[in-house]
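# A closer look at the structure
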Amino acid sequence: MAEQQCLIIIKPDGLIKSLTGNIITALSETKLKIVGAKIVSVKRELAEKHYSDLKENQIRKHGEEKGSQIFENTLKYIMGEFHTNRVLVLVYHGENCIEKIRDITGTTNPEDAHPISIRGKYGRINSKTGVFENVVHASDSEASAKREIQLWFQPDELTETIYPAKTEKIQTEKIVWA
Ligand code: ADP
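Residues numbered from 1 in each chain as written. Predicted model: local features only at pLDDT ≥ 70, side-chain atom pairs only at ≥ 80, totals over all residues. Heavy atoms only, no water.

Scanning the model with the defined rule gives eight salt bridges in all. Glu133 serves as the salt-bridge partner of Arg124, at 2.8 Å between the closest nitrogen and oxygen. Taking the relative accessible area as the measure of exposure, Arg124 reaches 42% and is therefore partly exposed. Among the charged side chains, a network of salt bridges with common partners joins Arg44, Glu48 and Glu72. (Salt bridge = Lys/Arg side-chain N within 4 Å of Asp/Glu carboxyl O. Buried < 20%, exposed > 50% of the residue type's maximum accessible area, 1.4 Å probe, protein only.)

Right, dumping it as structure tokens:
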């Protein structure tokens, strides 16, 4: 099996419940390498791009009204409206990375997830919003890993060149220390 990469997001419920250490320890069993990490306050544009297929999928599964509601609440969840406005985003790299990580994270619905998976242990269904508060996101294929990693990280934020990159001169405004 070739080397792969996988984007992990420790979602706002994971941070507010101080589960970061537990989650990283559980993932360290894979012996995969972390090649990128950062704390992000997720704005709507990024949330919509990350979940670009979710609205359509949820409407197909649950109909227009419920599907749109799940989508909206899932955006609010990742943007931190129910917990804290921070997520910790990590890139893991190594052999058979996606399957190894998804085994440990568990299935989407925390009530169906294996009890010793991360989602099974720490997730819940929010009884007010119906959102699966499942603590972590993990890329589910090589194609989605590439799309997601390139959405959340710039090439120079990773310690390895996992996808082809190029040098370009860009004139842009940037916040610097005053
Ligand atoms: P995964 O996160 O396992 O890749 P999806 O991409 O289908 O799953 O869903 C994205 C997120 O949307 C889930 O992690 C969960 O937080 C939320 N979600 C998905 N389906 C539902 C649902 N039926 N009810 C409530 N929340 C859901």
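Time to look at the side chain of Arg119. Secondary-structure assignment places Arg119 in helix α7 (residues 118-122). Nearest to the buried, unbridged Arg119 among oppositely charged side chains is Asp13, at 8.7 Å. Ignoring any residue separated from it by four or fewer positions in sequence, one finds Arg119 in contact with Thr105, Gly106, Thr107, Thr108, Pro110, Ala113, Asn134, Val136 and His137. (Helix = DSSP H or I, 4+ residues; strand = E, 2+ residues; numbered from the N terminus. Lys, Arg positive; Asp, Glu negative; His and termini not counted. Contact = heavy atoms within 4.5 Å.)

Attention now goes to the site of the ligand. Close contacts around the ligand come from 14 residues, with Lys11, Thr108, Arg119, Phe132 and Asn134 the closest. A distance of 3.1 Å separates a nitrogen atom of the ligand from a polar side-chain atom of Gln58. At a separation of 2.5 Å, an oxygen atom of the ligand approaches a polar side-chain atom of Thr108. In isolation the ligand exposes 530 Å². Once the protein is present, 85% of that is buried. Where the shell around the ligand is concerned, the elements lending two or more residues are α4 (54-62) and α5 (64-79). (Near = heavy atom within 4 Å. Polar contact = N/O pair within 3.5 Å; in protein donor to acceptor, adjacent residues only side chain to side chain. Areas by Shrake-Rupley, 256 points an atom, 1.4 Å probe, with all protein chains shown as cover.)

Another aspect to go through is the environment of Arg44. Structurally, Arg44 is set in helix α3 (residues 44-50). Considering only alpha carbons, one finds Arg44 and Lys76, 32 residues apart in sequence, at a separation of 8.3 Å. Filtering out sequence-adjacent residues up to four positions away, Arg44 remains in contact with Glu72, Leu75 and Met79.

Attention now goes to unusual backbone geometry. For Ser18, which is not glycine, the phi dihedral falls at a positive 55 degrees. You can see Ser18 is positioned in the loop between α1 (12-16) and α2 (20-28). The residue Val135 is not glycine, and still its phi comes out positive at about 70 degrees. With respect to the helices, strands and loops of the structure, Val135 is situated in the loop between β5 (132-133) and β6 (136-138). For Val135, a relative accessible area of 0% puts it in the buried group.

Let us look at the side chain of Ser68. Within the secondary structure, Ser68 is located in helix α5. Not counting residues up to four positions away in its chain, the partners in contact with Ser68 are Lys55, Ile59 and Gly63.

Turning to its location among the elements, Gly94 is positioned in strand β3 (residues 87-95). Sequence spacing of Gly94 and Ala113 is 19 residues, and the spatial spacing of their C-alpha atoms is 24 Å.

Taken as a whole and assessed by the stated rule, the structure comprises zero aromatic pairs. Positioned above the aromatic ring of Phe153 is the side chain of Lys38, whose terminal nitrogen or guanidinium carbon lies 4.9 Å from the ring centre. (Phe/Tyr/Trp six-rings, centres within 6.5 Å; stacked < 30°, edge-to-face > 60°. Lys NZ or Arg CZ within 6 Å of the ring centre and 35° of its normal.)

What follows deals with the sheet that holds β6. Pairing within the open sheet is antiparallel, and its four strands lie in the order β2-β3-β1-β6. Where the open sheet ends on each side, the last strands, each with one partner, are β2 (33-40) and β6. Within this sheet the neighbouring strands show an average axis-to-axis angle of 15 degrees, counted without direction. Bridge analysis of strand β1 (residues 3-10) against β6 gives three bridges, and the strand direction is antiparallel. Within β6, the residue paired with Ile8 across the bridge is Ala138. Those strands touched by α2 are β1, β3 and β6, and its axis lies near 5 degrees from that of β3. Along the sheet face, helix α8 (residues 142-152) touches β1, β2, β3 and β6 and points at about 55 degrees away from the line of β1. (Pairing = 2+ DSSP bridges. Axes fitted to C-alpha atoms, helices over the stretch in contact; angles between N-to-C directions.)

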